[in-house]
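# Coordinates in review
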Amino acid sequence: MIYLWATNVLALLAFGWDKARASHRKRRIPERKLLWLAALGGSPGAVLGRWMFRHKTRKRGFSMWLFGILAAQVAACYLVFVIK
């Protein structure tokens, strides 16, 4: 449980950091790393960060990958916890 909290907080902070860097036109976090944070369990934090910071909202391909990861994780949780 601590791992999931840490991963989600890290994903949320990464989206905020990347947005701040983008507005100052400085070196950014690669999209691949943001997606890896989501895939490692931080997808709720990533989606929350995307919404809170209004970041990467126009990137259709990125959004599809992010929501695909979230859907896969929700389905896996459903299978593990609901269907025993």
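Residues numbered from 1 in each chain as written. Predicted model: local features only at pLDDT ≥ 70, side-chain atom pairs only at ≥ 80, totals over all residues. Heavy atoms only, no water.

## Here's the deal with the overall build of the protein
When helices and strands are counted, the protein shows 3 helices and 0 strands. When the elements of the protein are put in sequence order from the N terminus, they spell out α-α-α. Principal-axis analysis of the C-alpha atoms places the extent of the protein at approximately 50 × 30 × 20 Å. Expressed as a percentage of the 84 residues in the protein, the buried residues total 31%. When the accessible area of the protein is evaluated, it comes to approximately 6400 Å², of which 69% is carbon and sulfur surface. (Helix = DSSP H or I, 4+ residues; strand = E, 2+ residues; numbered from the N terminus. Buried < 20%, exposed > 50% of the residue type's maximum accessible area, 1.4 Å probe, protein only. Areas by Shrake-Rupley, 256 points an atom, 1.4 Å probe, with all protein chains shown as cover.)

## Observations regarding the environment of Met-52
Among the structural elements, Met-52 can be located in helix α2 (residues 31-53). Owing to a relative accessible area of 43%, Met-52 belongs among the partly exposed residues under this scheme. Between the C-alpha atom of Met-52 and that of Asn-8, which follows or precedes it by 44 residues, the distance is 14 Å.

## Overview of the pattern of salt bridges
Inspection of the entire model under this criterion finds 3 salt bridges. The closest approach of N and O atoms between Lys-56 and Glu-31, which form a salt bridge, is 3.3 Å. A residue pair is termed long-range when its members are at least 10 positions apart, and Lys-56 in the loop between α2 and α3 (60-81) and Glu-31 in helix α2 qualify at 25 residues. With relative accessibility at 10%, the residue Lys-56 sits in the buried group. What makes Glu-31 partly exposed here is its relative accessible area of 27%. (Salt bridge = Lys/Arg side-chain N within 4 Å of Asp/Glu carboxyl O.)

## Focus: the packing of aromatic side chains
Following the criterion strictly, the structure yields 1 aromatic pair and no others. Residues Phe-15 and Phe-62 carry aromatic rings whose centres are separated by 6.1 Å and whose planes lie at 55° to one another, so their mutual orientation is tilted. Linking Phe-15 in helix α1 (residues 2-23) with Phe-62 in helix α3, this pair joins segments that are 47 residues apart in sequence. The class of Phe-62 is buried, set by a relative accessible area of 4%. The side chain of Lys-56 reaches across the aromatic face of Phe-62, ending 5.7 Å from its centre. (Phe/Tyr/Trp six-rings, centres within 6.5 Å; stacked < 30°, edge-to-face > 60°. Lys NZ or Arg CZ within 6 Å of the ring centre and 35° of its normal.)

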